[in-house]
Amino acid sequence: MSKTEFDFDEVIDRRDTAAVKWDKYVGRDVIPMWVADMDFRSAPAIIEALKQRVDHGVFGYTDPSQELNDAIVAALERDHGWKIRHEWLMWLPGLVSGINLVCRAIGEDGDDVVTAIPVYHPFLSGPVHQRRTVTRVPMRLQGTQWVWDLERLETAITPRTKLLLLCNPHNPVGRVFTREELSDIARIAEKHDLVISSDEIHCGLALDADKPHVPIATLNNDIAVRTVTLMAASKTFNLPGLGCAFAVVPNAELRVRLTRAAAGILPRVNAMGFVATLAAYRDSRQWQTALVDYLRVNRDLVRARIGEISELSIAPIEATYLAWIRVDAPIPDPVSFFETAGIGLYDGRVFGTEGHVRLNFGCPRSVLEQGLDRIRRAMGARQSS
Ligand SMILES: Cc1ncc(COP(=O)(O)O)c(C=O)c1O
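These notes cover the structure that comes with them. All figures in this text were calculated on a predicted structure; none of them were measured in a lab.

### Comments concerning the site of the ligand
Surrounding the ligand, one finds A36, G94, L95, V96, Y120, C167, N171, D199, I201, H202 and K235. Against a free-state accessible area of 400 Å², the protein chains account for coverage of 87% of the ligand. Here the ligand occupies the largest pocket. Grouping the constituent residues of the shell around the ligand by class yields six nonpolar, three polar and two charged.

### Quick notes on the packing of helix α2 (residues 44-56) against helix α10 (residues 271-283)
One can describe the packing of α2 onto α10 by two numbers: an axis separation of 8 Å at closest approach and a directional angle of 145 degrees. Between α2 and α10 lies a crossing of right-handed hand. Across the interface between the two elements, A45, I46, A49, L50, R53 and V54 of α2 pack against A271, M272, V275, A276, A279, A280 and D283 of α10. When grouped by side-chain class, the residues that make up the contact of α2 with α10 number 11 nonpolar, no polar and two charged.

### Observations concerning the nonpolar core
Formed by 75 residues in total, the largest nonpolar core has its most connected members in L359, F361 and I375. For this core, the element with the highest residue contribution is helix α11 (residues 285-307), accounting for nine residues. Setting aside its immediate chain neighbours within four residues, L359 contacts M33, V302, Y321, L322, A323, I325, I343, L345, L368, L372 and I375. By size, the runner-up hydrophobic cluster in this structure holds 31 residues, among which are V137, L153, L182 and L219.

### A closer look at the sheet that holds strand β14 (residues 346-347)
Within a beta sheet, neighbouring strands are joined by backbone hydrogen bonds and run either parallel or antiparallel to one another. Read across the sheet, four strands follow the order β11-β12-β15-β14 without closing on themselves; strand pairing throughout is antiparallel. Strand pairing shows two members of the sheet lacking a second neighbour, β11 (312-314) and β14, which therefore form its edges. Relative to strand β12 (residues 322-327), β11 is paired through three bridges, and the arrangement is antiparallel. Residue pairing in the sheet places S313 in a bridge with R326 of β12. In the packing of α11 onto the sheet, the strands contacted are β11, β12 and β15 (356-360), and the crossing angle to β11 comes to about 145 degrees.

### Details of α11
With 23 residues, α11 should cover 33 Å at 1.5 Å per step; its first-to-last C-alpha distance of 32 Å lies within 8% of that length. For α11, the set of buried residues is W287, Q288, A290, L291, V292, Y294, L295, N298, R299, L301, V302 and I306.

### Considering empty space enclosed by the protein
For the structure on display, the rule yields three cavities of 30 Å³ or more. Considered as a void within the structure, the largest cavity measures approximately 40 Å³ in volume. Looking at the largest cavity, the residues that line it are A233, S234, L239, L242, G243, C244, G273, A276 and T277. Broken down by class, the residue content of the lining of the largest cavity amounts to five nonpolar, four polar and no charged.

### So, the packing of aromatic side chains
Tallying each qualifying case throughout the model produces 14 aromatic pairs. Relative to F274, the ring of W91 lies with its centre 5.5 Å away and its plane at 80 degrees, an arrangement referred to as edge-to-face. Separated by 183 residues along the polypeptide, W91 in strand β2 (residues 89-92) and F274 in helix α10 bring together distant segments of the chain. F274 shares its class with W91; the two are buried. Each ring, one from F237 and one from W287, has its centre 5.9 Å from the other, and the planes form 25 degrees; the classification is stacked. Residue F237 is located in the loop between β9 (227-231) and β10 (245-248), and its partner W287 is located in helix α11; the two are separated by 50 residues in the primary sequence.

### Examining the sheet that holds β2
Strand order across the open sheet formed by seven strands is β2-β10-β9-β8-β7-β3-β4, with mixed pairing between neighbours. In this open sheet, the two strands that pair with only one neighbour each are β2 and β4 (133-138). Across the sheet, the axes of successive neighbouring strands diverge by a mean angle of 25 degrees, strand direction being ignored.

### Observations regarding the pairing of β15
With five of five residues buried, β15 is to be regarded as a mostly interior element. With five bridges joining them, β12 and β15 adopt antiparallel strand pairing. Among the inter-strand pairings, W324 is bridged to a residue of β15, identified as R358.

Parameters at a glance
Residues numbered from 1 in each chain as written. Predicted model: local features only at pLDDT ≥ 70, side-chain atom pairs only at ≥ 80, totals over all residues. Heavy atoms only, no water. Near = heavy atom within 4 Å. Areas by Shrake-Rupley, 256 points an atom, 1.4 Å probe, with all protein chains shown as cover. 1 Å grid on protein atoms, 1.4 Å probe; cavity = no way out; pocket = protein on both sides within 12 Å on 5 of 7 lines; lining within 4 Å. Sits in = over half its atoms within 2 Å of the grid points. Nonpolar A, V, L, I, M, F, W, Y, C, P; charged D, E, K, R; others polar. Axes fitted to C-alpha atoms, helices over the stretch in contact; angles between N-to-C directions. Helix = DSSP H or I, 4+ residues; strand = E, 2+ residues; numbered from the N terminus. Left-handed = near helix turned anticlockwise from the far one by under 90°. Contact = heavy atoms within 4.5 Å. Core = buried A, V, L, I, M, F, W, Y, C linked by side-chain atoms within 4.5 Å. Buried < 20%, exposed > 50% of the residue type's maximum accessible area, 1.4 Å probe, protein only. Pairing = 2+ DSSP bridges. Expected span 1.5 Å × (residues − 1). Points joined across faces, edges and corners; volume = space filled by probe spheres on them. Phe/Tyr/Trp six-rings, centres within 6.5 Å; stacked < 30°, edge-to-face > 60°.

Purely geometric numbers; function is a separate question.
Right under this line is the structure:
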């Protein structure tokens, strides 16, 4: 299938599918642009592979196949120049389970986990669920770009800090951290002997060819052996409902700790998740390229339109389909303000930072335009009232 044959403009009705994103506003004229899944149909090769598996009709307990492990090894080398070994792979029923698992496996009860905010909320709840404390280091704006505040990171680390949670590409600020930035973070992790948990679920969604994703574990071997990299096909190929993710863990001792921490708690991955993940990494590269091209245009539209509104501001978005928008107006509850205007956004407080909303632009352009119009009208009406 040629690139142009993928139709990201098609508006697909997701009502009556119990979709978390859409059911939140059932019966209301609110366009849901909050939780992170896309309104596009997944890649044709994935849908076809799932159909074939359904036709087989037997859905017993399933292991990851050799073919699947080979596909991951090949894709990480193809996409990121990262040569991994089969035995480094650990399969997970979801990436959030992976975050919790790492928190559980590293350190003791009461030890500390450090991360930078704003950040995907399970980074803040995961440590607490696993009886750790969490230290939040606010990111800072350098020019227009969100960066880790390394000085504050250094001072936040205590002898009880055992784990650093990195999100790269970053949800919600959309950064693809550069090799230099990653080296700085890694140096601090090394100095304080921290394990790094690097959530790279958005790595297939780097939007600009000149800002490629660099897995932190590829910096050097010392960093690789202290890093658990968490990945999944779910964001890039729109499969989050199929529950399948994996960790890349080069350090054998860490693998043992993670396996012990998972015992009796984590279920096997479901058979459909494996099928979809194989078809994603092995057979859906063209679709991915076309998707990223489409999202890049959506990204540019969001930046241009939000940039025209005086009381909203937005930093460059290098990856993901998520826009982190600062609300400079004195609106006490931005989410209900925008819901009243017919657009459902995510509250910045969920990510640990007030005064912001997150907008999901992983949808057909016509829907995005409608949403952006509603934001413009709501902000315009506010100013003129
Ligand atoms: C950074 C990040 N990690 C993990 C997830 C979710 O992973 P899963 O659905 O596999 O638990 C998301 C979903 O938005 C995310 O943005």
